[in-house]
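# Architecture at a glance
Okay, here's what each chain looks like letter by letter:
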Amino acid sequence: MKSEEDIKFGALLKEQGHQAADNPWFTQRVLNRLPERESSVRWVWWAICAVAAVICCLCWWWLIDSRDYTVLTVRDMADYAIMSVVTLVLIWQSISVTFSRE
Amino acid sequence: MKKLDELALITRCVLADDRQAFGQLVEAYQSSVRRFFLNLTAGDAALSDDLSQETFIKAYVNLRAFKGVASFSTWLYRIGYNEFYTHCRRTHEERLDDTVGIVTLMGGSNASNDALEANLTVQEAMSRLSDTERAVVTLFYIEDKPLKQVARIMNLPEGTVKSHLHRAKSRMTTFLKNN
């Protein structure tokens, strides 16, 4: 709790002390100097890619293990093609998330 | 700025690296932080702006460490005071002599203006205080921070802050009476 004397003394200092006029460029200058920082979104996306990679490996294992290799059907070729595309997309996403700068 | 709005902006900065949200925080506090440094540096505008910028950048980098126990402004002033303290230690400059010289020069060239002269007298009285005393006076009287918060910002016991405040006030009063 300030005394009456303190309040008067404070008012004098506020009135006659140094004043900082609003500087419209100050905020922009600070924002321009902010360092890059990894956001949480990037880490969430990286975790999703990691989980998807594990699922992808399991799918490949199931696909190879469950097929009869004496007969190659159109269905088999379609499954391999789809899995290849999914794997390539996943690898591309993992690389871009790991090496990209925000 | 309301505390809830402030917390919402901080959350946006921490979770989504939202720089516009941080810009709003800078906008809200820039005047008071720059005035704080202007008083600490005895009117050195360029140095005040540099220290203010460093303070906000440090606040942004360490925003995740802000727990919300103290208010954001108290946390910000604490970073600012540490920045000033580090600057003083780094430069080892004799600011007291320099600033008194500057203020005297400015006073001499504008002696006809009474208001300006009064301002300069108060500013000169401030510049004669030690760094710690000036910081205590600035936080308590100009920034209107309660003693408890001043102690927290400066990392000093409340009793020490009180004695700095008492000493600073009596030195300033004596100087102002004599001038």
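Conventions adopted
Residues numbered from 1 in each chain as written. Chains lettered and ligands numbered in written order. Predicted model: local features only at pLDDT ≥ 70, side-chain atom pairs only at ≥ 80, totals over all residues. Helix = DSSP H or I, 4+ residues; strand = E, 2+ residues; numbered from the N terminus. Buried ≥ 20, exposed ≤ 12 C-beta atoms within 10 Å, placed from the backbone. Core = buried A, V, L, I, M, F, W, Y, C linked by C-beta atoms within 7 Å. Contact = placed C-beta atoms within 7 Å. Nonpolar A, V, L, I, M, F, W, Y, C, P; charged D, E, K, R; others polar. pLDDT = per-residue confidence, 0-100. Axes fitted to C-alpha atoms, helices over the stretch in contact; angles between N-to-C directions. Parallel < 35°, antiparallel > 145°, perpendicular 65-115°, else oblique. Left-handed = near helix turned anticlockwise from the far one by under 90°. Expected span 1.5 Å × (residues − 1).

Scanning chain A from terminus to terminus reveals 4 helices and 0 strands. Of the regular secondary structure in chain A, the N- to C-terminal order runs α-α-α-α. Here chain A, with 102 residues, has 7% of them falling under the buried criterion.

When helices and strands are tallied, chain B shows 9 helices and 0 strands. Within chain B, the proportion of its 179 residues that are buried is 37%.

All names here are of chain B. Membership of the largest hydrophobic core comes to 44 residues, with the highest contact counts inside it found for Phe 37, Leu 76, Val 136, Val 137, Leu 139 and Val 150. Counting residues per element, this core draws most heavily on helix H2 (residues 19–40), which supplies 9 residues. Contact partners of Phe 37, with chain neighbours within four places excluded, come to Ser 48, Leu 51, Ser 52, Gly 80 and Phe 84.

As a further point, take the interface of chain A and chain B. Taken together, the contact between chain A and chain B spans 23 residues of the former and 27 residues of the latter. Here the side of chain A that touches chain B is built from residues that sort into 10 nonpolar, 8 polar and 5 charged.

Bringing unusual backbone geometry into the picture now. Residue and element names in this part refer to chain B. Non-glycine residue Ala 42 carries a positive phi angle of around 55 degrees. With respect to the helices, strands and loops of the structure, Ala 42 is situated in the loop between H2 and helix H3 (45–61). Backbone geometry places Asn 155, a non-glycine residue, at a positive phi of 55 degrees. With respect to the helices and strands, the residue Asn 155 is situated in the loop between helix H8 (147–154) and helix H9 (158–178).

This next bit is on the confidence of the model for chain B. All names here are of chain B. Overall, the prediction assigns chain B a mean pLDDT of 83, with 84% of residues at 70 or greater. Across chain B, the element-wise mean pLDDT spans from 46 in helix H5 (residues 95–109) up to 93 in H3. Low pLDDT, under 50, characterises residues 100–112; the predicted model gives this stretch 12 contacts beyond four residues in sequence or across chains.

Our next topic: the packing of H2 of chain B against H3 of chain B. Residues and elements named next belong to chain B. At a minimum axis distance of 9 Å, the contact between H2 and H3 shows a crossing angle of 140 degrees. Classified by the angle their axes make, H2 and H3 are oblique. Between H2 and H3 the crossing geometry is right-handed. Taking contact as the criterion, the partners of Phe 22, Val 26, Gln 30, Val 33, Arg 34, Phe 37 and Leu 38 in H2 are, on H3, Ala 45, Ser 48, Asp 49, Leu 51, Ser 52, Thr 55, Phe 56 and Tyr 60. Of the residues belonging to the contact of H2 with H3, the class tally is 9 nonpolar, 4 polar and 2 charged.

All names here are of chain B. With respect to the helices, strands and loops of the structure, Ala 45 is situated in helix H3. Among the residues examined, Ala 45 registers 15 C-beta atoms within 10 Å and is labelled partly exposed. A sequence separation of 11 residues divides Ala 45 from Arg 34, and the C-alpha atoms of the two residues are 8.5 Å apart.

So, on to the packing of helix H7 (residues 131–142) of chain B against H8 of chain B. When two helices pack together, their arrangement is given by the angle between the helix axes and the distance between those axes. Residues and elements named next belong to chain B. Relative to each other, H7 and H8 sit at 140 degrees, their axes nearing to 10 Å. Accordingly, the angle class assigned to the pair H7 and H8 is oblique. In this structure, the crossing between H7 and H8 has a hand that is right-handed. Across the interface between the two elements, Ala 135, Val 136, Leu 139 and Phe 140 of H7 pack against Leu 147, Val 150, Ile 153 and Met 154 of H8.

Because an α-helix packs 3.6 residues into every turn, residues spaced three or four apart end up facing the same way. All names here are of chain B. Helix length check: H7, at 12 residues, gives a terminal C-alpha distance of 15 Å against a target of 16 Å (1.5 Å per residue), a fit within 8%. If you check which residues of H7 are buried, you get Arg 134, Ala 135, Val 136, Val 137, Thr 138, Leu 139, Phe 140 and Tyr 141. Of the residues one or two after H7, Asp 144 is the one with positive phi, at around 55 degrees.

It is worth spelling out the environment of Cys 49 of chain A at this point. Residue and element names in this part refer to chain A. By the element assignment, Cys 49 lies in helix H3 (residues 40–66). Of the residues examined, Cys 49 has 19 C-beta atoms within 10 Å and is grouped as partly exposed. With 45 residues separating them in the primary sequence, Cys 49 and Ser 94 have C-alpha atoms 6.2 Å apart. Look past the residues within four positions of Cys 49 in its chain and what remains in contact with it is Leu 90, Gln 93, Ser 94 and Val 97.

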